[in-house]
Amino acid sequence: MSVSRPGFMETIKLLPLARRVGAYVYNEHRNGRTPVFDLSGITLSPPIPPSNAGVPLGGMGGGSIGRGVRGEFRRWSLYPGRYRHTVVKGDCFGFRVKGVGENDTAEACVLSTVPTAGIENGYKGWNWGGKVDLDKRSTFAGLFPRSWSTYTDPTNTQSGVNVVCKQVSPFLPDNYSDTSLPCGVFEFEIENNGESDKEVSIMFNWENNDGGDEKDEKEHSDVLSTLKSNAWGGRTVMSTFNSGPEVKGVAMLHRRLRRIAYNSTQTDSGMFEFVPTHAQLCSCTAPFEGTGNNDKHYVEQTGFAVGAIEGDGVTVTTVKGWNPENREQGDGIWKQFVESGELGGRLGGRGEEGGKKAAVVCGKVKVGKGEKRKIVFSLSWDNGEAAFGSGEKHPRRHSLFFPTTKSTVGSLSNAAAISTVALRKHSAWDADISEWQKPYIENPELPEWFKGQLMNELYYLVDGGGVWVDSTDGQVNKREGGGEDSYLFDVKGMKRGADELDAGNVTAVDIGDVAGVVKASMERMELYKLGSGRGDQCSVGTFLYLEGHEYVMYNTSDVHFYASFALNRLMPELQRSVMRDFARSVFKADTEIRTLLGEGEEAPRKVRGAVVHDQGSPSESPVNKVNAYNFQDVSRWKDLPSKFVLMAVRDAQGMGEEDKKDFVKAVWPACELSVERAAEMWDKQGDGMIKNEGFPDQTYDVWIADGVSTYTGGLWVAALFGMAKLAEVVGEEDKAKGYVERGRRAREVYNDRLWNGEYFSYSEKGKKTKANCDSVMADQMCGQWWSRVCGLEEVVQNDRVISSMKKVHEMNVVRWGEVSGLGRNGAVNGMKADGTVDDSCLQSKEVWTGTTYAVASTMLHQAEVEGVKEEDRKWLKEAAFDTAKGIWEAGWKRFGYSYATPEAWDGKGDFRSLGYMRPLCIWSMVDITKGRGLGEEGK
């Protein structure tokens, strides 16, 4: 795995840019903030994390913990905007097997094959998987949100015992309660194929650690040095729990000091907002006026819990508070485990006060000859409030179901309760996941490789830095009923208040009453499972996720345009919630003047009437302080208004009549303002078509277009037809007719200016596009694609679409595979008509993974259009999967980018922006015929 780097001549050209970016990154780090582009050096290279990623743990928006294919816990994203690629080797499972006879000997090993160099003293006496060649007898398979690690005779002692660990996370489409839970379950199925009965134990060791690195520890130490001695209560708290007769475990609290990196009162941003009252966006919060938070630090704390199911022959024992840095204690743990298969009793030795602490939960069961038995563990983590760089804290979605208040964030009881809920519900989750995936997995028309890729690309909804909070327009929702811990929702038309719940206002409870928390929490989860049906943020809250692991901006609209199909198909309430935030943002302005990194010019941060590029950075105040992106002037980007409109049209599909009207009325004023602003600014000729301005003014932000372009021009035509559909819903019939007429005029200009008889040229010829104006752009039919998605009038007639797609497949897929020497590896963005690569910029010669899926989806959607010849229909379907397969074949199988699909790779297979949202676009390739259009004619 290596990063894509510019060539020598490109590096020379990039020197001024490198200087600006370097200064920006340095200043951000110096001020304790995460830069939106984590790039450094003359070649603008990001940090390179290790490969071998597996299926991540967790639901949506509560943080995630990544697993590796070797059994390690390795990628941590527990706090907004922060990724830590730390392998905590002590977080591991141990396996022990013994015959039931008195003279039988026990054998044990750690179920991990990570290298043990540099491991803490406490683990040095453990029998690690590498010592018994475990890697030769273990396999990994992932199908998000589940994975299976299979171990054949783990101890390599001819025991006849095999183990399968099934990992399950609560990602459940259309479930707006369980899907928010920060937890995962490990179900160990033990099969005894030996000649005698066996006694099997499995232990789960967990350090009280959040994956933090030396930078986090330094910040903690720096802040601690400024505090009075009695102002800090320590870092570690642990407690065992017993939540009813069936679950035992250990809960622990990890605490760290963090400084506030950004204060909204320190910058004269000029932020204001105006939202027309008829927009019906949401009336439950007040406008943002700044936090006024003058504190210099806050406490960042997370509760962890490891639990196990006891009963049905399984006994559970625990140890808490042992020190992994102490060899004597570590040897004592391993000795107990090997000798008895249980834990308990005193451990020798002491570590340094305040040093590392860990806990172990162990399950033991007898497995008869020929039998299968299970030992089940859960892992949960709870930091119930998402803390942003401004010091603002917003309650996470799962805090609606667990008693999180300012005094109990990350409480032991909450972590224990979530762990217990996971163990009680994991079988139902497993069944629901199978039921949801079944239609896709059993569909004979889908290639086998595609079925796995379709599910696995969804990893990003869990591991994309997502934050799901109970807020509207950047402000915490005010709940009626008496305090911050009571809730009142309109759920599917039913008024529910705290008085309708047995537990009423749940408050923080002692760790000993976990069962009570579990009972009340499960009742609330059932109540809030569905949502309002309209994406109202008073009901489902706000969902924010990063553009990429390295591009630290929330809900980047031009990229989300592609990725949004996953939310639209699987969590439509959250997608509509995202759209409501976009709609509000159109009316906002921020007069802060910034020097932009691209060319060094100055521009205001946000202009009223412009669709936002992003909803801000986790280092500032998301949704309140928008447009963290500072590379180009996004207020002049030509694709954003069109994309906003088209997403609104698509998202209204399939809604009930009243819900659809409510949603469209909420977004219509913003659609109208943004489109009319675009027409006024960029259609100076009055021919109905907007024009690019000779700088990278769209999602391809270093690839210049001039005049009419195939990408933004096609989107504009589709958006005008989309505006007509939206106008009809809100009863603006005259406006609807006007938009249809404007769309047809723009369509005529688009076809006349760009159609060259075989495909649509990249752009009109301009000062900076002379050499590549006739390039074959892979994404040239983006507008036509969305016209099919939304059931609108066509942008391009059938024969031209098919001709263009054949050219794209010939040049950008097949020919590119040949000239790159990599074989099939997706669709390169730009090729010349003579079969050479468009090397006019970095992005023109890259494969964009999400765009490749979009090209394939364009082909599949066109195959469903009435009037397409049968031979063309067959070719479109075959070419679609041939195009998309390159991402799986090259990216996941050969390049090692599994569960971290990058934005792009170059002709060497080197990546740019590892872990990115756009590949979620693969979900546009399925369910193509469902509910197209806002009316019957679209179906």
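What you see is a predicted model; the values in this text were computed from it and never measured.

We now examine the pairing of strand E2 (residues 73-79). Most of E2 sits out of view: seven of its seven residues are buried. Pairing geometry for strand E1 (residues 64-67) and E2, over four bridges, is antiparallel. When the bridges of E2 are listed, Arg67 appears paired with Phe73. Count of turn residues in the E1/E2 antiparallel hairpin: five residues, of which Gly71 carries a positive phi of about 95 degrees. Strand direction decides the pairing type here: E2 and strand E3 (residues 82-84), joined by two bridges, are antiparallel. Within E3, the position partnered with Trp76 by the bridge is Arg84. Where E2 folds back onto E3 in an antiparallel hairpin, the turn is made up of two residues, including Gly81, whose phi is positive at roughly 75 degrees.

Our focus in this paragraph is the sheet that holds E1. Ordered in space as E1-E2-E3, the three strands form an open sheet in which the pairing is antiparallel. Either end of the sheet is taken by a strand with one partner, and the two such strands are E1 and E3. Between one strand and the next, the sheet's axes are offset by a mean angle of 15 degrees, whatever the strand orientation.

Time to look at the sheet that holds strand E32 (residues 847-848). Strands sit in the order E32-E33-E34 across an open sheet of three strands; the sheet is antiparallel. What marks the edges here is a single partner per strand, and that holds for E32 and strand E34 (911-912). Bridge analysis of E32 against strand E33 (residues 904-905) gives two bridges, and the strand direction is antiparallel. Across the sheet, residue Val847 finds its bridge partner in E33, namely Trp905.

Applying the stated rule across the entire model yields six cavities of 30 Å³ or more. Elements supplying a minimum of two residues to the lining of the largest cavity: strand E7 (146-152) and strand E8 (161-168). In terms of residue count, E7 provides more of the lining of the largest cavity than any other element does, three residues in total. Residues of the lining of the largest cavity, tallied by class, amount to six nonpolar, four polar and one charged.

Reading guide: rules and limits
- Along each chain, residue indices are assigned from 1 in the same order as the chain's sequence is written.
- Local features in a predicted model are, by the rule used here, given only for residues with pLDDT of at least 70; side-chain atom pairs are given and counted only at 80 or more, and totals for whole chains, interfaces and linings are based on all residues.
- No hydrogens and no water enter the side-chain calculation; it runs on all heavy atoms of the structure.
- A simple rule labels every residue: compare its accessible area, found with a 1.4 Å probe on the protein chains alone, to the largest value its type can have, and call it buried under 20%, exposed over 50%, or partly exposed in between.
- Helix numbers and strand numbers start at the N terminus; a helix is a DSSP run of H or I with at least 4 residues, a strand a run of E with at least 2.
- Whether two strands pair depends on DSSP finding at least two bridges between them.
- Helix axes are fitted only over the stretch in contact, all axes being lines through C-alpha atoms; the angle between N-to-C directions runs from 0 to 180 degrees.
- Points on a 1 Å grid, built from protein atoms alone, make a cavity when a 1.4 Å probe fits but cannot get out and make a pocket when they are open with protein on both sides within 12 Å along at least 5 of 7 lines; residues with an atom within 4 Å of a point are the lining residues.
- Grid points are joined across faces, edges and corners, and a volume is the space filled by probe spheres set on the points.
- Each residue receives one of three labels: charged for Asp, Glu, Lys and Arg, nonpolar for Ala, Val, Leu, Ile, Met, Phe, Trp, Tyr, Cys and Pro, and polar for the others, Gly being one of them.

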